[in-house]
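Each chain, written out:
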Amino acid sequence: MKILVTGTAGFIGSHLAHRLLDRGDEVIGVDNVNDYYDVNLKEARLARLLNKPGFTEVREDVADRAVMEALFREHKPERVVHLAAQAGVRYSLENPHAYVDANLVGFMNILEGCRHNDVKHLVYASSSSVYGANESMPFSVHDNVDHPLSLYAASKKANELMAHTYSHLYNMPTTGLRFFTVYGPWGRPDMALFIFTKKILAGEPIDVFNHGQHRRDFTYVDDIVEG
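Residues numbered from 1 in each chain as written. Predicted model: local features only at pLDDT ≥ 70, side-chain atom pairs only at ≥ 80, totals over all residues. Heavy atoms only, no water.

### As for unusual backbone geometry
Part 1 of the reasoning: In this model, Lys76 sits at a positive phi of 50°, which is unusual for a non-glycine residue.
Part 2 of the reasoning: Tracing the backbone shows Lys76 in the loop between helix H3 (65-75) and strand S4 (79-82).
Part 3 of the reasoning: Exposure remark for Lys76: the relative accessible area of 48% places this residue in the partly exposed category.
Part 4 of the reasoning: Of note, His211 is a non-glycine position whose phi angle comes to about 55°, a positive value.
Part 5 of the reasoning: Note on placement: His211 falls in the loop between helix H7 (192-202) and strand S8 (219-220).
Part 6 of the reasoning: Note on His211: relative accessible area 76%, which makes it exposed. (Helix = DSSP H or I, 4+ residues; strand = E, 2+ residues; numbered from the N terminus. Buried < 20%, exposed > 50% of the residue type's maximum accessible area, 1.4 Å probe, protein only.)

Written out as structure tokens, the structure reads:
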């Protein structure tokens, strides 16, 4: 099967690409390798994929409409897994335009590519952050998610609404996955697991928010890939 995977220089995307290639699929991997965090880590992830048969790297931005239209026309993927996004809640306070470009414009380009090129199924990354001000625990897909608390969360809720509309209008199967903080090898250095570990090794104090009165679910990357 030919599968377009966006975000293949990223944490989850690179793990997924390995899994698909190992089972015999062809992977078209798209990533613009931006500098939101250490580019060397992204390049190292990609280097491991480039040695595998069946992998094609496309170093482009999903927000570039013309490029994405040409990519879909050329490669004609049967399935699409869209993981490329501007991630991070706190960073959305510093650079909101990055979220509009990557998460809204980029997602629109993916939807249009799927619509016009007979893609059989689109799976895309949403986020647990869409639950926002929701107070019922544990979270459920039946909960109301109309109160996001960050622009990042709002962009992911918008993705869900956009996908729902395209599914309704064009009979196009779409599945959004609300990831809860993913961890594992080759993970993002801006996540708590690595920040805590680095500070512990350096003998530095760890920043604790909300007076330590909170808990958080983490999900191992292999379980995400399985899903």
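### A word on the nonpolar core
Part 1 of the reasoning: Of all hydrophobic cores here, the largest spans 22 residues; its most connected members are Val5, Ile12, Leu16, Val27, Leu83, Phe179 and Val182.
Part 2 of the reasoning: Mapped by element, the contributors of at least two residues to this core are strand S1 (2-6), helix H1 (11-22), helix H2 (39-50) and helix H8 (221-226).
Part 3 of the reasoning: Here this core takes six residues from H1, the largest share from any one element.
Part 4 of the reasoning: Setting aside residues no more than four positions away along its own chain, Leu16 makes contact with Val5, Val81, Leu83 and Val225.
Part 5 of the reasoning: Of all hydrophobic cores here, the second largest spans 20 residues; its members include Phe72, Val80, Phe107 and Ala163. (Core = buried A, V, L, I, M, F, W, Y, C linked by side-chain atoms within 4.5 Å. Contact = heavy atoms within 4.5 Å.)

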